[in-house]
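Survey of secondary and tertiary structure
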Amino acid sequence: MAKNVMADLKRDHITKLLSKGMRIDGRKFDEPRPLTVEKDFVQSAEGSARVHLGDTDVVVGVKLMVGQPFGDTPNKGVLTTNAELKPLASEAFESGPPDQRSIEVARVIDRGIREGKAVDMEKLCIEPEKEVWIMFVDVHAIDYDGNLFDAGNIAAMAALKCAVVPAKRAKKGEDYPLPVSHVPISVTAVKIDGHILVDPTYDEEIVAEARLTVTSNEKGDLCAMQKGGSGSFTPDEVLKVVELSRKIGADIRSKI
Amino acid sequence: MAKNVMADLKRDHITKLLSKGMRIDGRKFDEPRPLTVEKDFVQSAEGSARVHLGDTDVVVGVKLMVGQPFGDTPNKGVLTTNAELKPLASEAFESGPPDQRSIEVARVIDRGIREGKAVDMEKLCIEPEKEVWIMFVDVHAIDYDGNLFDAGNIAAMAALKCAVVPAKRAKKGEDYPLPVSHVPISVTAVKIDGHILVDPTYDEEIVAEARLTVTSNEKGDLCAMQKGGSGSFTPDEVLKVVELSRKIGADIRSKI
Amino acid sequence: MAKNVMADLKRDHITKLLSKGMRIDGRKFDEPRPLTVEKDFVQSAEGSARVHLGDTDVVVGVKLMVGQPFGDTPNKGVLTTNAELKPLASEAFESGPPDQRSIEVARVIDRGIREGKAVDMEKLCIEPEKEVWIMFVDVHAIDYDGNLFDAGNIAAMAALKCAVVPAKRAKKGEDYPLPVSHVPISVTAVKIDGHILVDPTYDEEIVAEARLTVTSNEKGDLCAMQKGGSGSFTPDEVLKVVELSRKIGADIRSKI
Amino acid sequence: MGGTPLPDGIKLIDENGKRLDGRRPDELRPLKIEAGALKRANGSAYLEWGNNKVMAAVYGPRECHPRHMQDPTKALVQCHYNMASFSVDDRKRPGPDRRSQEISKITSEALTHVVFTEYFPKTSIDVYIEVLQANAGTRCAGLTAASVALADAGIPMRDLVASCAAGKIDDTVVLDLGKEEDNFGQADIPVGYIPRDDEIVLLQMDGDLTADQFKTGLNMAIEACKKIYDVQRDALKRKYTLPAGKTDEGGGVN
Amino acid sequence: MGGTPLPDGIKLIDENGKRLDGRRPDELRPLKIEAGALKRANGSAYLEWGNNKVMAAVYGPRECHPRHMQDPTKALVQCHYNMASFSVDDRKRPGPDRRSQEISKITSEALTHVVFTEYFPKTSIDVYIEVLQANAGTRCAGLTAASVALADAGIPMRDLVASCAAGKIDDTVVLDLGKEEDNFGQADIPVGYIPRDDEIVLLQMDGDLTADQFKTGLNMAIEACKKIYDVQRDALKRKYTLPAGKTDEGGGVN
Amino acid sequence: MGGTPLPDGIKLIDENGKRLDGRRPDELRPLKIEAGALKRANGSAYLEWGNNKVMAAVYGPRECHPRHMQDPTKALVQCHYNMASFSVDDRKRPGPDRRSQEISKITSEALTHVVFTEYFPKTSIDVYIEVLQANAGTRCAGLTAASVALADAGIPMRDLVASCAAGKIDDTVVLDLGKEEDNFGQADIPVGYIPRDDEIVLLQMDGDLTADQFKTGLNMAIEACKKIYDVQRDALKRKYTLPAGKTDEGGGVN
């Protein structure tokens, strides 16, 4: 009950400000939070990055292991993306196996990397049908103030960009940089009381009616999209978010 | 509490009728419900059937995959039977991994197929000790009005009878019909207030003291049996159910 | 609540006796309970023993299966230790997958065997990098009156000592006795109200502040140690337990 | 998207602009819906769409378990999407995988939007979607069936949700991808839509699309949803106006 | 049944009508039962039957967890059958598998019949069966031991359940299959029986039997259950009439 | 201990008594601690120790779930130690394994000793330790960081716990094993210690040690814990005396 009262008060406060064109942290509606990217944060990973997006803090580690390809892609590496939303990072997260929320975060980040052709997966083939590199992208939330989709996507792309294929350790020749071909960037917006805001904080997320993540590449083409929340968007609002995401995505891409 | 009151009223009603020789749906004690069998219901399965036994609705799909034989049967295929009793089909079922009830249903159906030698498992050997066909029989309850044992057994046998071994897809030669040698049929009876009734509805099942499933083959020989429930049968009652099951089983066999 | 009251009364009783130099079952502080060891208790195991340590009753079975070595020890067998603390043995145990308590028991026993070099693991190599013996040590609590660490360790060592490598069954040559090189023995003490007691009963365990298990070998050298409980030991108390354990361990070793 | 290159000599759209199964780019696969297909559930719907066969069942509003998930102000709409192990070529292990959990989540959210959840505080409305035969587009098929099942259960709703995907094959934006088109195509855009209010309640996309192609695809999917909406309403009308006992054959678009 | 053909030259019944271990067709393997083998449990029994070694422990009646399983009118008898990982030749993975869950279910049902559950509403009576060494017939051994453990726990019971299997080997109906007979035999019929009331509370069958053979086997198992019942009663008498402290050697049929 | 023989030509201690990374036998690896590294947690600490990177977060005291674990007389200190999948060379499967469960247990017990749990009946104090980069000694690093995080959360404590391991390499007792020393060494003795009361709250050992070597190692670890204790206190002082907003660089021993 207490929780509901608090949420109602928060919603009132946020929507009142929004009606005056203001966000609780003073940002413009189409303004993402300050971004810092620290690459190579974890030495034990083949590639890694720690990203702060406002007060959201995420560490991504990329590991590569030798394994078998899937039957329908015998000459391609395998991508596996996992998100750990653990109670370390927020009271909102619970212990235990991945819940629907962390599965959604992982799958949206995965879809960006995969459909955005971030990595040339054919160059991760060692021997067709026999051996390929299995690439694990593990997204760990450390401190959670909303928008893990974008913080995780940015950290994943930064980690991939500095990753090295550990061929020597696996006795498969010389190490070489992970072949990153494209840098798909996701931008997430929420709808609150009819307003569209990018890069929501946690407080904005919990009062938001609906959420839309759009991932685009260097050419401004779209590679992944995900709507969430029990609210709706009009077709025009969707197109507006698409435009915002392409524009802001280009800006973020230049920073990693 | 409310549940118990309802169950008591239901029991009173059912037993009162039984004492007059009547069942709630007007059937005779030794009369199974109307049966319809729709073979090849699911194209993605190697064999399938949808069966209505009264208001009980079951879909069975048979899948065949190439795999390894068990060490003690190097020249035989492998049978795996699984039953999904999901909340789609009834308020009585719960989400989650198979509980004791669905395990019992699966194992009794499995025992009928296996001990009744329904399929010539040696003909599912590809290369002894190396490769055999793994045969999955998946029983999905769709609408549950009692007696999944028999509905599932009938649907499984119908699905096996129309199944094709997908050798071509697996690059193991030409497709051929699944070698079905025998058609073991199970018939289930319950005991309520001393009366023996075949093919119980859900209401009859929940007031029943004990349950007995007997599976017999074309020759009238017995291949599997399972007593359930916290009540008892006298030896004579057991023999009576055996006779009923052989007789009714022959009738059902002619329909699939 | 009632449980807490009982625990408090028990604690008062035990500590009052201890202040007079007495334990509830009349033992001296440094006196373990009577020990009986029945080797070869289970014929289906490659080695087995049933051990009574006072009223604590434990059965250990050792099984050996052919499997693959770990990458970093290509010419050594593999040891796996598991402890089953099931409600059969005590109201204090719960059904389900191993909890932290049973994991701790298993790992402390495992560490004694492993670090104490009880078995010459190189002699469990069949073909380097390809095939080795996987040795399973399964510790089953049957009746639990405290100190499973020591009862389990003793039963495990007794079972290992009478185990035979089933090479013939696996078609890997002739059977031979499991190569047991050392007999590491653990001795556990608890601290109650400043007193150090060895081989605690269940009642002593639940009122104890802290627990220390020390495993030593024939030479009196130490191979494993584990402190448990939310209490503390002074460095001198630790050294006292070490001495007690070496002395009592030698005595127990002579009995198995 | 599969992203696998198409086997030699096969084109997803032929010189006459026809697709592998003969459809035009903006043509739906045949769709049939039967409302009230099950006896036990409070509401249900059976749907055949192309080669998909999907059953949806609704139970509730009923007491919400576990208790700590209860919302004192409204009902919880919980969707459980499941693919039968035999619904695909390679047998699927029973139980929820990550894909089906994601679909369950977004379907729950889409349905929550149309149910008057505030009428039933503390309860759960459980929606079970069982894919018996899968042939691309099962999440849209499931959402479409679930809407009808909710209405069949008599649960007060703002409107029905209709759902359909657009996609891109051979560089062309088309409607309602079939299985080969899904495997070898370039993009997929599943949409859940409420015609009455012109609102989008489910939206995903994967593949490679220009912004213009996306706009074209979104519009194409929306137009298709309007047709699907009519099939949904027909199914409900047929159930509730047929003389009792009369067999319901299921109607649809062909 | 294993269904595996018997290795060449081996017969399960020799020309003198004797079985591999020298038994006659209707002869039981040696059986010993010790009531009250454990200190912690409210009741217990240790059983050796042929080469089977089984421990049964009873806890309760006690508060039933989880609460939603409580029955306000009676106790819940919950049996947990488990095979130790080292009880069979190939190590069994710890934890319940499908077979042990099925046996737990039918054993619970059989025991429920004899316990006056209505005396202890809302409680649970938990029965733990641990198979330490397995050699065919463990479910019958477990049910037989569990009955004694329940009585040892002082739980009011209608009667004891005795349990034994009949089977078919070399086309002959025999009693109480051993391990090789189970592997290479033709049928197995585990029976749980209450002599006083002539009632069958557990019954399974698998293999291939004519109706007549089944009848013969059922009767054979019933007659054996009567003997086992005597061993059960002896075990309980011995425990409750022995001078305190005297070792209990366990009695049986040989 | 790894127990693996050292590759030829490599010595863990050279002729000058220096270790692989140049340390003396009784020398700690560089240690830096930052108190209050996280915004969301009630208390937190980030620690770099040699090549270990560990984050600790504390939530609580808060209502204890599940309820049946509540202690009506005191708070429950529950530690959850976890290694990130990328913290080691061979990717670790996410989720708790047996090793991390054991570490969680003994860390919980060590921390329980210093927290005034009786001040917060029925509550839970949850301690999350996340190892982001592992390089031997992570349980000591985790316990050391967790103590600071508890203090940062303002939870009343008897004292801080400092933790460090001694070990044996090349037959010599040394302090604070590095990764190669851990892999190829002879023994490891992790110790958790409270300087003010001269109390040991965590102690494990594995390998091969004479009683004298153990005594030497224990003393060495205790002396090191006293230095670590100073680093812990410095980290807390720095946090609580720095002007608000000033960046905290983390201090330590080098």
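Residues numbered from 1 in each chain as written. Chains lettered and ligands numbered in written order. Predicted model: local features only at pLDDT ≥ 70, side-chain atom pairs only at ≥ 80, totals over all residues. Heavy atoms only, no water.

Some points on the overall build of chain A
Condition: The helix count covers DSSP runs of H or I at least four residues long, the strand count covers runs of E at least two residues long, and both are numbered beginning at the N terminus. Each radius of gyration reported is based on C-alpha atoms, and the globular scaling rule is 2.2 Å times the count of residues to the power 0.38. Note on classification: 1.4 Å probe, protein chains only; a residue is buried when its accessible area is under 20% of the maximum for its type, exposed when over 50%, partly exposed between these limits. The contact criterion used throughout is that any non-hydrogen atoms of two residues lie within 4.5 Å. In this description, accessible areas are obtained by the Shrake-Rupley approach with a 1.4 Å probe, and a residue is regarded as covered only by the protein chains that are shown. In summary, the charge assignment counts Lys and Arg as positive and Asp and Glu as negative, without counting His or the chain termini. A charge is said to be at NZ when it belongs to Lys, at CZ for Arg, at CG for Asp and at CD for Glu.
Along its length, chain A carries five helices and 12 strands. For chain A, whose C-alpha radius of gyration is 19 Å, the value lies close to the compact-globule estimate of 18 Å for 256 residues. Reported as C-alpha extents along the three principal axes, the dimensions of chain A are approximately 60 × 40 × 30 Å. The proportion of buried residues among the 256 residues of chain A is 59%. When contacts within chain A are restricted to residue pairs at least 6 apart in sequence, long-range pairs at least 24 apart make up 68% of them. Surface accessibility of chain A: about 10,000 Å² in total, with carbon and sulfur atoms responsible for 52%. In chain A, which carries 35 positive and 41 negative side-chain charges, the distance between the mean positions of the two groups comes to 2 Å.

Quick look at the arrangement of the chains
Where chain D comes nearest to chain E, the C-alpha atoms are still 11 Å apart, and the two do not contact one another. Chain D makes no contact with chain F; the smallest distance between any of their C-alpha atoms is 11 Å.

Side note on a nonpolar patch on the surface
Spelled out, the test is: Patch definition: residues above 30% relative accessible area lacking any salt bridge, with like charges linked at up to 9 Å and the nonpolar side chains Val, Leu, Ile, Met, Phe, Trp and Tyr linked at up to 5 Å. Each reported salt bridge corresponds to a side-chain nitrogen of Lys or Arg within 4 Å of a carboxyl oxygen of Asp or Glu.
A contiguous nonpolar patch, built from Val5(A), Met6(A) and Leu9(A) and spanning about 300 Å² of accessible area, is present on the exposed surface. Relative to the elements of secondary structure, Val5(A) occurs in helix α1 (residues 2-19).

As for the sheet that holds strand β9 (residues 199-209) of chain D
Inclusion rule: The rule for pairing is simple: two strands pair if DSSP sees at least two bridges between them. Here the axes come from fitting lines to C-alpha atoms, over the contacting stretch only for helices, and the angles between their N-to-C directions go from 0 to 180 degrees.
One open sheet accounts for eight strands, arranged β10(A)-β9(A)-β11(A)-β12(A)-β9(D)-β8(D)-β6(D)-β7(D); its pairing is antiparallel. Two strands in the sheet have a free side with no partner beyond their single neighbour: β10 (195-198) of chain A together with β7 (172-175) of chain D. Taken pair by pair, the neighbouring strands of this sheet meet at an average axis angle of 20 degrees, ignoring direction. Sheet analysis places strand β8 (residues 187-194) of chain D next to β9(D), joined by six bridges and oriented antiparallel. The residue bridging Gly192(D) from the neighbouring strand is Leu202(D), located in β9(D). With respect to the sheet, helix α3 (residues 148-161) of chain A is in contact with β9 (185-192) and β11 (210-216) of chain A, its orientation differing from that of β9(A) by roughly 175 degrees.

Focus on the interface of chain B and chain E
Where we set the bar: Polar contacts, as counted here, are pairs of nitrogen or oxygen atoms within 3.5 Å of one another; within protein the pair requires one atom able to donate a hydrogen and one able to accept it, and residues that are adjacent in sequence qualify only if both atoms are side-chain atoms.
With 37 residues of chain B at the contact, the number on the chain E side is 32 residues. Among the ionic pairs, Lys105(E) bridges to Glu104(B), the shortest N-O distance being 2.6 Å. Our enumeration of links across chain B and chain E arrives at 16 residue pairs in polar contact (both at pLDDT 80 or more). Broken down by element, the side of chain B that touches chain E gets its largest block of residues, eight residues, from helix α2 (residues 100-115) of chain B.

Observations concerning the interface of chain A and chain D
Keep this limit in mind: Buried area: the accessible area, evaluated with a 1.4 Å probe, that two parts lose upon being put together, summed over both parts.
With 37 residues of chain A in contact, the opposing surface of chain D contributes 32 residues. Across the interface of chain A and chain D, roughly 3,000 Å² is buried in total on both sides, 54% from carbon and sulfur atoms. Taken together, chain A and chain D are joined by three salt bridges. The partner of Arg107(A) in a salt bridge is Glu102(D), and the shortest N-O contact between them spans 2.4 Å. Between chain A and chain D we count 16 residue pairs in polar contact (both at pLDDT 80 or more) in total. Elements supplying a minimum of two residues to the side of chain A that touches chain D: β4 (78-84), α2 (100-115), β11, β12 (222-228) and α5 (235-253) of chain A. Considering each element in turn, the side of chain A that touches chain D owes the most residues, eight residues, to α2(A).

Thoughts on the pairing of strand β9 (residues 199-209) of chain E
In regular strands, side chains alternate between the two faces of the sheet. The buried count for β9(E) comes to 10 of 11 residues, which makes it a mostly enclosed element. Joining the antiparallel neighbours strand β8 (residues 187-194) of chain E and β9(E) is a turn of four residues, in which Asp198(E) adopts a positive phi near 50 degrees.

What to know about the packing of helix α2 (residues 138-152) of chain D against helix α4 (residues 211-241) of chain D
Residues and elements named next belong to chain D. Worth spelling out the cut-off: Left-handed describes a crossing whose near helix is turned anticlockwise from the far helix by less than a right angle; the clockwise case is right-handed. Under the grouping applied here, Gly and all other residues not named as nonpolar or charged are polar, the nonpolar ones being Ala, Val, Leu, Ile, Met, Phe, Trp, Tyr, Cys and Pro and the charged ones Asp, Glu, Lys and Arg.
It is the contact of α2 with α4, at a shortest axis distance of 10 Å, that shows an interaxial angle of 35 degrees. Two packed elements cross with a definite hand, and for α2 against α4 that hand is right-handed. Where α2 abuts α4, its residues Thr144, Ser147, Val148, Ala151 and Asp152 lie against Ile228, Gln232, Leu236, Lys239 and Tyr240. In terms of residue class, the contact of α2 with α4 is made up of five nonpolar, three polar and two charged.

Digging into the confidence of the model for chain D
Defined as follows: By definition, pLDDT measures how confident the predictor is in each residue, and it falls between 0 and 100.
Per-residue confidence for chain D gives a mean pLDDT of 93; residues scoring 70 or more make up 92%. Reported confidence for the predicted complex is 0.95 by ipTM and 0.96 by pTM.

Re the environment of Tyr193(F)
All names here are of chain F. Locating tyrosine 193 in the fold gives a position in strand β8 (residues 187-194). Discounting residues that sit within four places of it in the chain, tyrosine 193 has contacts with Leu160, Val161, Ala162, Asp198, Glu199, Ile200, Val201, Ile222, Cys225 and Lys226. Of the polar contacts made by the side chain of tyrosine 193, one reaches the side chain of aspartate 198; its length is 2.5 Å.

What about the sheet that holds strand β12 (residues 222-228) of chain C?
Strand order in the open sheet formed by eight strands is β10(C)-β9(C)-β11(C)-β12(C)-β9(F)-β8(F)-β6(F)-β7(F), with antiparallel pairing between adjacent strands. At either margin of the open sheet sits one strand with a lone partner, and together these are β10 (195-198) of chain C together with β7 (172-175) of chain F. Between one strand and the next, the sheet's axes are offset by a mean angle of 20 degrees, whatever the strand orientation. Relative to strand β11 (residues 210-216) of chain C, strand β9 (residues 185-192) of chain C runs antiparallel, the two being bridged by seven bridges. Across the sheet, residue Val187(C) finds its bridge partner in β11(C), namely Val214(C). Strands β6 (162-169), β8 and β9 (199-209) of chain F of the sheet are contacted by helix α2 (residues 138-152) of chain F, whose axis makes an angle of about 165 degrees with β6(F).

A few points about the packing of aromatic side chains
Our working rule: Working definition: a ring pair exists when centres of Phe, Tyr or Trp rings (six-membered ring for Trp) sit within 6.5 Å. Plane angles under 30 degrees give stacked, over 60 give edge-to-face, the rest tilted. Two conditions define a charge sitting above a ring: the NZ of Lys or the CZ of Arg must be within 6 Å of the ring centre, and it must be within 35 degrees of the ring normal.
With the rule as written, the count across this model stands at 18 aromatic pairs over all chains. Look at Tyr59(E) and Tyr128(E): their rings are 6.0 Å apart centre to centre, the planes differ by 70 degrees, and that puts the pair in the edge-to-face class. In this pair, Tyr59(E) sits in strand β3 (residues 52-63) while Tyr128(E) sits in strand β5 (residues 123-133), placing the two residues 69 residues apart along the sequence. Judged on exposure class, the residue Tyr59(E) and its partner Tyr128(E) are both buried. Members of the aromatic cluster, joined through ring pairs, are Phe93(A), Tyr144(A) and Tyr202(A). Sitting over the face of the ring of Phe41(B), Lys53(D) holds its NZ or CZ atom 4.3 Å from the ring centroid.

Thoughts on the pattern of salt bridges
Oppositely charged side chains can pair when the atoms bearing their charge come close. Using the criterion set out here, one finds 132 salt bridges over all chains in the structure. For Arg27(C), the salt bridge is made with Asp199(C), and the minimal N-O distance between the two is 3.5 Å. Here the residue Arg27(C) occupies a position in the loop between α1 (2-19) and β1 (35-39), and Asp199(C) occupies one in the loop between β10 and α4 (202-207), the gap between them amounting to 172 residues. Assessed through its relative accessible area of 7%, Arg27(C) is described here as buried. Between Arg23(F) and Asp21(F) there is a salt bridge whose closest N-O contact spans 2.9 Å. For Asp21(F), a relative accessible area of 48% gives the class partly exposed. Ionic contacts of the salt-bridge type, sharing partners, join the residues Arg23(A), Asp25(A), Arg27(A), Arg33(A), Asp143(A), Asp145(A), Asp199(A), Glu204(A) and Arg40(F) into one network.

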